[in-house]
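Structure at a glance
Here is how the chains run, residue by residue.
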Amino acid sequence: MIKNLVEELRWRGMLHDAMPGTEEHLNEKMRSAYVGFDPTADSLHIGNLVPIMLLAHLQRSGHKPIALVGGATGMIGDPSGKSSERNLLDEETLRHNQECVKNQLSQFLDFKSGKENDAVMVNNYDWMKEISFLEFIRDVGKHITVNYMMAKDSVKNRISGEGTEGMSFTEFTYQLVQGYDFYHLFDKMDCTLQMGGSDQWGNITTGTELVRRKAAGKAFALTCPLITKSDGSKFGKSEGGNIWLDAKRTSPYKFYQYWLNTSDEDAEKYIKIFTFLDKEEIEGLIAEHKEAPHMRKLQKRLAKEVTITVHNEEEYENAVTASEVLFGKSTADDFRKLNESTFLDVFEGVPQAEVEKTEIENGLDMIGALAAKTGFLNSNGEARRALKENSVSVNKEKVKEDYTITSSDLINDKYVILNKGKKNTYIIRVV
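Here, residues in each chain are numbered from 1, in the same order as that chain's written sequence. Totals for whole chains, interfaces and linings use all residues, but because this is a predicted model, local features are given only for residues with pLDDT of at least 70 and pairs of side-chain atoms are given and counted only at 80 or more. The basis for every side-chain value is the complete set of heavy atoms in the structure, and neither hydrogens nor water enter the calculation.

Looking at the packing of helix H13 (residues 264-274) against helix H15 (residues 297-310)
Note on definitions: angles span 0 to 180 degrees between N-to-C directions of axes, and those axes are lines fitted to C-alpha atoms, for helices only across the stretch in contact. We count a stretch as a helix when DSSP gives it H or I for four or more residues in a row; a strand needs E for two or more, and each element gets its number in order from the N terminus. Their axes nearest at 9 Å, the elements H13 and H15 cross at an angle of 35 degrees. Between H13 and H15 lies a crossing whose hand is left-handed. In this structure, H13 contributes Asp264, Ala267, Glu268, Tyr270, Ile271 and Phe274 to the contact, and H15 contributes Leu298, Gln299, Arg301, Leu302 and Val306. Take the far helix as the reference: if the near one is turned anticlockwise from it by less than a right angle, the crossing is left-handed, and if turned clockwise, right-handed. We call two residues in contact whenever any of their non-hydrogen atoms come within 4.5 Å of each other.

Have a look at this one:
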């Protein structure tokens, strides 16, 4: 059964522009549509989530999604929104990246259900590598004028922008290569729609123009808005750089925290864009949140939905546990549930000191743990005062001066957490 995709995207705030007739075209019967992904890394990041969600909603509306990995275009580099050329990758690296990207997309798209609208992944290198330069300029280049190409914003901005190095011929031809992808998919797979971010409008419409001129066919374009944050900072970035979908690049804990720390205004927008919750449930959540914003219900549900979709339920539970460990009333048992990488993420930036394993095996006294062996506190006297004031904890449990840290206190066989008061946390690492 075909559902109205354009209507779904519209209420979610995911529709920026669509060529006239796109909605009607999609409502007639099952259509094939594609989105292109850049394979220059072995992981997508959350900046890619919107086009991924476009494909996911397309499939859920009864249409067939095609995920195109730009093996050929990845060797060139898209000038849209860029001020300089990118590095070119070899074929082996691109193939590896393609497999990694497919694994991530399979969290959102069904490639194996056996239904007519199963998702498909293609790599434009597979058809572009067979075409010679002479063939390309004869069979493709002659259909698109230089005037048409120069009128695109992505080209104009690079050529006329201040402080730019101009634009190479390689990059100038990018829109022709991408346009040819659309023509090829139209010709071989009856693909009639390309979707992408609003900055891709120029490239996408070059494809629809090529389909019209070279195949006398009708193809369509649909774009979503570029996601922004209400405070003006860039979506998808943290102090450490990109937020990746790969757990090895961005841990599920940090991933979860990124969404949890969303502002109220952004959470209201993001829960429509990045989750599959329906309109009624989202409106209910927004209403609940407005009644008690301090409970952060929107942020918690947003973080839950996205973390489970990208990772899984177990990683989500770990991330919640880790968050409570740091910010809630946790016990040593809670710490022991964390794997080492999550533990290190939780305590990133906390002062650490190394202590020999034999010191712990023989028993480390509290003065040594706080001052003499670690330097956490300035003097043994300061350590004694803190212990007398009952403000010192080992793994979140209060201790006196006569307490001895032993191997049984180790978390992940390596760490001990010390607290002085509520605000001062230290980590002893056994070496």
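A closer look at the packing of aromatic side chains
Ring pairs are drawn from Phe, Tyr and Trp, using the six-membered ring of Trp, whenever the two centres fall within 6.5 Å, and their geometry is named by plane angle: stacked under 30 degrees, edge-to-face over 60, tilted for the rest. A full pass over the atoms with the stated rule returns 16 aromatic pairs. Ring centres 6.0 Å apart and planes at 70 degrees place the aromatic pair Phe136 and Tyr180 in the edge-to-face group. Taken together, the positions of Phe136 in helix H6 (residues 133-139) and Tyr180 in helix H10 (residues 174-189) put the pair 44 residues apart, joining distant regions of the chain. The buried label applies to any residue whose accessible area, calculated with a 1.4 Å probe on protein chains only, is under 20% of its type's maximum; exposed applies above 50%, and partly exposed to all values in between. Phe136 sits in the buried class, given a relative accessible area of 11%. These aromatic residues form a ring-pair network of at least three members: Phe235, Phe255, Tyr258, Trp259, Tyr270 and Phe274. Two conditions define a charge located above a ring, namely a distance within 6 Å from the ring centre to NZ of Lys or CZ of Arg, and an angle within 35 degrees of the ring normal. The ring of Phe111 carries the charged tip of Lys102 above its face, separated from the ring centre by 5.2 Å.

Overview of the UniProt feature "short sequence motif: 'HIGH' region" (unreviewed entry) in the protein chain
UniProt positions are given in the numbering used here, feature names are shortened, and annotations may be inferred rather than shown by experiment. Here the UniProt-annotated "short sequence motif: 'HIGH' region" (unreviewed entry) positions come out as residues 39-48. For residues 39-48, the end-to-end C-alpha separation is 12 Å, with 0% helix and 0% strand making up the annotated structure.

Some thoughts on the sheet that holds strand S11 (residues 392-394)
Two strands qualify as a pair provided that DSSP identifies no fewer than 2 bridges between them. If you trace the five strands from one edge of the open sheet to the other, you get S9-S15-S14-S11-S12, paired in mixed fashion. Strands with a single pairing partner mark the edges of an open sheet, and in this sheet they are strand S9 (352-355) and strand S12 (397-398). Note that strand S14 (residues 415-420) and strand S15 (residues 424-430) share six bridges and pair antiparallel. Bridge pairing in S15 places Lys420 opposite Asn424.

Here's the deal with the nonpolar core
Counting residues in hydrophobic clusters, the biggest one holds 58 residues, and the most contacted among them are Ile46, Leu49, Leu105, Met195, Trp259 and Phe274. In contact with Phe274, not counting residues within four places along its chain, are Leu49, Val50, Met53, Ile227, Phe235, Trp259, Leu302 and Val306. Residues belong to a common nonpolar core when they are buried Ala, Val, Leu, Ile, Met, Phe, Trp, Tyr or Cys residues joined through side-chain atoms within 4.5 Å. By size, the runner-up hydrophobic cluster in this structure holds 29 residues, among which are Ile66, Trp127, Leu176 and Val177.

Some remarks on the sheet that holds strand S5 (residues 191-197)
Here we have six strands laid out as an open sheet, ordered S1-S6-S5-S2-S3-S4, and mixed in their pairing. Two strands close off the open sheet at either side, each with one partner strand: strand S1 (17-18) and strand S4 (120-123). Examined bridge by bridge, strand S2 (residues 32-37) and S5 share three bridges and lie parallel to one another. Bridge pairing in S5 places Ala33 opposite Leu193. Taken strand by strand, helix H4 (residues 91-105) contacts S2, strand S3 (64-69) and S4, and its axis lies near 160 degrees from that of S4.

Side note on a nonpolar patch on the surface
On the surface, a nonpolar cluster with roughly 460 Å² of combined accessible area is contributed by Phe133, Leu134, Ile137 and Phe169. The dominant element in the nonpolar patch, judged by the number of residues it contributes, is H6, at three residues. Within the fold, Leu134 resides in helix H6. The class of Leu134 is exposed, set by a relative accessible area of 62%. Patch rule: a residue counts if its relative accessible area is over 30% and it has no salt bridge; like charges are joined within 9 Å, and nonpolar side chains (Val, Leu, Ile, Met, Phe, Trp, Tyr) within 5 Å. For accessible areas, the Shrake-Rupley method is used with a probe of radius 1.4 Å. Any residue's cover is judged against the shown protein chains and nothing else. Criterion for a salt bridge: a side-chain nitrogen of Lys or Arg within 4 Å of a carboxyl oxygen of Asp or Glu.

Quick look at the pattern of salt bridges
Side chains bearing opposite charge may pair, as long as their charged atoms lie close to each other. What the rule picks out here adds up to 20 salt bridges. Glu281 is the salt-bridge partner of Arg301, the closest N and O atoms lying 2.9 Å from each other. You can see Arg301 sitting in helix H15 and its partner Glu281 sitting in helix H14 (residues 279-291), a full 20 residues away along the chain. Its salt-bridge partner being Glu288, residue Lys297 comes within 2.9 Å of it at the nearest N-O pair. According to the relative accessible area criterion, Lys297 is partly exposed, its value standing at 36%. One network of salt bridges, in which partners are shared, links Glu209, Arg212 and Arg213.

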